[in-house]
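Summary of structural features
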Amino acid sequence: MPRKVFDGVDYDDGYDDDYDYDDLDDADYYGKAQPSEPVKETIKRGTWSCPICTYDNDESMTACDICGVFRNPLPHMNNNHDKKTVPFKFDAPSPDDIVSNGLRSSKTASKATAKTSDSSSAKTQWSKTNNVEDNNHVKDGVLRLQANNKASASSSISKESIPSMESSSKLSTGNEQLGDQVSGASSRRNRMGEGTPSVEEIRPQSHNRGMSKSDLPSKSRAPYKPEKWMLPEKEGSDLNQLNLAIVGHVDSGKSTLSGRLLHLLGRISQKQMHKYEKEAKIQGKGSFAYAWALDESPEERERGITMTVGVAYFDTKNYHVVVLDSPGHKDFIPNMISGATQADAAILVIDASIGSFEAGVDPTKGQTREHAQLIRSFGVDQLIVAINKMDVVEYSKERYDTIKQKLGAFLRLCGFKDLSVLWIPLSAMENQNLVSASSDARLRSWYQGPHLLDAIDSLQPPTRDISKPVVMPVCDVVKSQSTGQVSAIGKLASGALRSGSKVLVMPSGDVGTVRSLERDSRPCTVARAGDNVSVVLHGVEETNIMSGDVLCHPEFPVPTAKHVELKVLVLDGSAPIVIGSQLEFHVHHAKEAARVVKIISLLDPKTGKASKKTPRCLVAKQSAILEVVLNGSVCAEEYSNCKALGRVSLRSLGRTVAVGVITRLIED
Ligand code: GTP
Ligand code: MG
């Protein structure tokens with residue numbers, strides 16, 4: 001798993017907390033808004049260089065293995081391989097735009113064939129920027145995490161106790177109810193031969209990886225009983241782990257806030273911080289010094305934009321916190337989804353400056369609403385709203401109240417309860433109200449509530465589902481270049497693992513043994529539900545495991561499906577969904593092109609019961625039962641059986657159009 005390693009705590013430098021921003025000019029501050037030179041894709045023999053992150057991808061990849069940007073031109077569309085460069089346009093269709101249009105990313109697709117380059121790529125990218133040993137056995141820090149691809153980090157807790165789409169499950173934009181019931185057929189994988197031909201053309205391999213039905217290990221008839229070692233040790237012996245997603249509109253200050261917290265809490269040394277400041281200034285990006293702790297790739301730094309999820313750790317009084325710093329730019333929402341799907345709680349960062357808050361909540365262009373809706377649909381119901389950049393509005397109470405009122409109304413519609421939402425005015429840049437009460441008289445005069453760290457500590461501990469067999473959706477796969485060992489990285493949705501445990505990889509069906517485990521880059525003996533770990537596997541072929549797969553108990557294989565019934569809520573601003581609509585289907589870390597084949601019924605928002613059979617289309621704010629057929633099988637489960645494998649989001653043209661749950665796996 002790629003990790004960034006900090007130098008550790010270093011309080012000796014006499015670092016002055018008040019960073020001198022006076023010498024920043026506007027170009028500095030607004031650097032990210034300025035158009036940059038067109039970037040070129042370079043093609044070398046056997047590889048092509050990504051125009052965004054410059055990673056040298058294997059010739060077989062149609063999208064960049066690191067940042068997901070599509071190769072342009074796609075090789076099968078233009079055979080002019082002699083062409084040396086292709087102009088890059090940042091606002092070209094995003095990976096998921098293209099997926100929804102049928103040209104599916106090879107990110108997951110070509111993993112089967114391009115596995116070697118793939119798994120090593122995470123490593124390469126990491127070492128390229130951070131010089132980290134590939135065994136990762138070291139200190140805490142930041143690592144990158146990318147949709148269907150890049151790593152995740154340590155710890156967290158399953159969300160089984162969180163009611164979001166669970167029980168009464170009010171979801172997203174409306175007061176629509178999405179109950180979590182429904183049962184039905186159990187799952188299986190079947191080839192349907194349906195789907196967009198162009199997608200198949202690009203990624204034929206991954207769909208053929210699954211075992212045939214007869215190969216599947218038979219599901220144990222005996223009820224599952226956890227063994228003694230699986231149960232947690234004495235209460236209070238360890239800090240609770242909390243996966244905390246940092247989400248919000250582009251540029252709201254998520255990375256700056258995360259970096260500042262890490263520094264204040266001693267996770268970034270003085271020395272390292274000085275280095276970031278110096279380098280950022282030299283590059284004319286002085287205001288991004290704290291963000292550099294999380295945005296560590298040259299492209300992210302140059303653009304002043306987060307592209308992949310940065311993962312870091314810090315401890316509070318009550319929690320061992322795993323920070324998941326999400327990208328805010330719309331092109332990288334698939335990456336945001338992959339990180340945020342593991343969250344136990346979230347900080348929604350708002351830019352308080354005039355015009356910026358408004359841009360963020362704009363239903364068509366802003367990402368604030370989409371992030372809030374997505375987070376809620378992943379089961380997160382505890383939210384801290386960090387109203388950032390209060391320095392820009394002179395710590396105005398009126399501005400804070402206006403934002404709280406407008407956004408509060410929206411969050412209520414998303415299903416967040418007032419009592420579960422904490423509002424904290426702060427300034428990441430001026431270090432106001434982060435880990436201690438504000439020193440600025442303007443803010444202190446009207447705000448005496450908790451600071452951010454207190455707010456994090458006041459979150460309810462998530463529960464762990466250890467009573468069920470182990471299920472771990474795989475977020476990333478890494479092959480050690482030195483030992484050749486294959487590691488799967490992800491968060492345990494349920495159950496427990498330890499060295500020697502047998503695991504089944506679905507859908508490939510490989511059975512392997514856990515050789516060792518790592519949590520927060522350190523070896524650990526046992527991993528339990530909620531822990532985000534790296535599992536070193538023995539006996540699993542590198543080509544038979546990829547992100548989007550699931551590790552499970554050999555006697556309790558998780559199902560796979562290609563045809564599913566969903567209960568969804570169509571989000572605000574979405575185009576109508578009709579039979580035949582091509583969508584991008586996201587479930588845990590898997591992503592697959594999908595087609596709506598049936599709209600069964602509309603649901604009454606109040607009762608959750610069917611109100612109209614077979615409507616012709618679904619529009620914003622409607623909830624409904626529908627069926628989709630995927631291009632390839634994915635590990636999936638009815639939500640009532642396994643929440644982690646049963647929550648889905650549907651995207652189209654770069655936007656999330658619906659969120660929901662799987663109500664039935666359909667065998668064709
Ligand atoms: P993406 O990850 O690309 O979505 O951006 P982000 O939300 O991580 O924002 P980032 O931390 O990169 O900060 C964007 C800009 O806002 C930088 O120039 C920061 O210096 C600036 N910024 C962040 N926090 C504050 C703040 O509290 N006050 C002021 N004035 N500027 C801030
Ligand atoms: Mg960022």
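Residues numbered from 1 in each chain as written. Chains lettered and ligands numbered in written order. Predicted model: local features only at pLDDT ≥ 70, side-chain atom pairs only at ≥ 80, totals over all residues. Heavy atoms only, no water.

Looking up the chain in an unreviewed UniProt entry gives the name Elongation factor 1-alpha isoform X2, with the organism given as Punica granatum. Within the UniProt record for the chain, the comment given under Function (unreviewed entry) is "This protein promotes the GTP-dependent binding of aminoacyl-tRNA to the A-site of ribosomes during protein biosynthesis." For the record of the chain, the UniProt heading Subcellular location (unreviewed entry) holds the text "Cytoplasm". (UniProt positions renumbered as here; feature names shortened; annotations may be inferred.)

Ser 255 (OG) and Thr 306 (OG1) make up the full set of protein donors to the magnesium ion (ligand 2), lying at 2.0 Å. Placement of Ser 255 in helix H6 (residues 254-264) and of Thr 306 in the loop between helix H8 (298-303) and strand S8 (309-315) is noted, with a sequence separation of 51 residues between them. Accessibility classification places Ser 255 together with Thr 306 in one group, the buried group. (Donors = N, O, S within 2.8 Å, 3.2 Å for Na, K, Ca; no water. Helix = DSSP H or I, 4+ residues; strand = E, 2+ residues; numbered from the N terminus. Buried < 20%, exposed > 50% of the residue type's maximum accessible area, 1.4 Å probe, protein only.)

Across the six residues of strand S11 (residues 383-388), six count as buried, placing the element largely inside the fold. By the alternation rule, side chains of S11 split into Leu 383, Val 385 and Ile 387 and Ile 384, Ala 386 and Asn 388, which are all buried. The sheet contact formed by strand S10 (residues 345-351) and S11 spans six bridges and is parallel. In the strand pairing of S11, Ala 346 is matched with Leu 383. Pairing of S11 with strand S12 (residues 421-425), which is carried by five bridges, proceeds in the parallel orientation. The residue of S12 that forms the bridge with Ile 387 is Pro 425. With respect to chirality, the unit in which S11 leads through helix H12 (residues 397-414) into the neighbouring parallel S12 is right-handed. (Pairing = 2+ DSSP bridges. Right-handed = clockwise from strand over helix to strand, strands pointing away.)

We now examine the packing of helix H11 (residues 368-377) against H12. With their axes 10 Å apart at the nearest point, H11 and H12 run at an angle of 35 degrees to one another. Here H11 and H12 pass one another in a crossing that is right-handed. For the pair H11 and H12, the contacting residues are Thr 368, Arg 369, Ala 372, Gln 373 and Arg 376 in the first and Leu 407, Phe 410, Leu 411 and Cys 414 in the second. In the contact of H11 with H12, the residues fall into five nonpolar, two polar and two charged. (Axes fitted to C-alpha atoms, helices over the stretch in contact; angles between N-to-C directions. Left-handed = near helix turned anticlockwise from the far one by under 90°. Contact = heavy atoms within 4.5 Å. Nonpolar A, V, L, I, M, F, W, Y, C, P; charged D, E, K, R; others polar.)

So, about the site of ligand 1. Neighbouring ligand 1 are 22 residues; Lys 254, Thr 256, Ser 287, Thr 306 and Met 429 lie closest to it. The side chain of Lys 389 places a nitrogen or oxygen atom 3.0 Å from an oxygen atom of ligand 1. Interatomic distance of 3.2 Å between a side-chain N/O atom of Ser 427 and an oxygen atom of ligand 1. When isolated, ligand 1 has an accessible area of 650 Å², and the protein chains bury 98% of it. A total of three residues in the shell around ligand 1 trace back to one element, the largest contributor, which is H6. (Near = heavy atom within 4 Å. Polar contact = N/O pair within 3.5 Å; in protein donor to acceptor, adjacent residues only side chain to side chain. Areas by Shrake-Rupley, 256 points an atom, 1.4 Å probe, with all protein chains shown as cover.)

What follows deals with unusual backbone geometry. The omega torsion of the bond from Met 506 to Pro 507 falls at 10 degrees, within 30 degrees of zero and hence cis. You can see Pro 507 is positioned in the loop between strand S17 (502-506) and strand S18 (511-519). Of note, Glu 394 is a non-glycine position whose phi angle comes to about 55 degrees, a positive value. Note that Glu 394 resides in the loop between S11 and H12. A positive phi angle, near 50 degrees, is found at Asn 431, a position not held by glycine. With respect to the helices and strands, Asn 431 occurs in the loop between S12 and helix H13 (441-444).

Next up on the list: the side chain of Asn 433. With respect to the helices, strands and loops of the structure, Asn 433 is situated in the loop between S12 and H13. What makes Asn 433 buried here is its relative accessible area of 1%. Here the side chain of Asn 433 touches Pro 425 through a polar contact of 2.8 Å, landing on its backbone oxygen. When sequence neighbours within four positions are dropped, the list of residues in contact with Asn 433 reads Ile 424, Pro 425, Leu 426, Ser 438, Leu 443, Tyr 447, Pro 450, His 451 and Leu 452.

Right, let's talk about the environment of Ala 488 for a bit. The topology assignment puts Ala 488 in strand S15 (residues 486-491). Since its relative accessible area comes to 0%, Ala 488 is described here as buried.

In this structure, Ile 347, Ile 375, Leu 407 and Leu 411 are the most contacted members of the largest nonpolar core, which totals 74 residues. Contact partners of Ile 375, with chain neighbours within four places excluded, come to Ala 245, Val 247, Met 336, Ala 340, Ala 343, Ala 346, Val 380 and Phe 416. (Core = buried A, V, L, I, M, F, W, Y, C linked by side-chain atoms within 4.5 Å.)

Moving on, we come to the side chain of His 586. Structurally, His 586 can be placed in strand S25 (residues 582-587). With relative accessibility at 5%, the residue His 586 sits in the buried group. Within the structure, the side chain of His 586 is placed 2.6 Å from the side chain of Glu 584, a separation counted as a polar contact.

What follows concerns the pairing of strand S7 (residues 240-247). Taken across its eight residues, S7 has seven buried, putting it largely inside the fold. Taken together, the seven bridges between S7 and strand S9 (residues 319-325) define a ladder with parallel strand orientation. If you follow Leu 244 over to S9, its bridge partner there is Val 323. In this structure, S7 lies alongside S10, joined through four bridges in parallel fashion. In the strand pairing of S10, Leu 244 is matched with Ala 345.

Within the structure shown, the criterion is met by three aromatic pairs. Ring centres 5.5 Å apart and planes at 85 degrees place the aromatic pair Tyr 224 and Phe 556 in the edge-to-face group. Here Tyr 224 is found in the loop between helix H5 (197-202) and S7, whereas its partner Phe 556 is found in the loop between strand S22 (550-552) and strand S23 (560-570), with 332 residues between them in sequence. Among the residues examined, Tyr 224 registers a relative accessible area of 18% and is labelled buried. Consider the rings of Trp 446 and Tyr 447, whose centres lie 6.1 Å apart with planes at 75 degrees: the pair is edge-to-face. What makes Tyr 447 buried here is its relative accessible area of 12%. (Phe/Tyr/Trp six-rings, centres within 6.5 Å; stacked < 30°, edge-to-face > 60°.)

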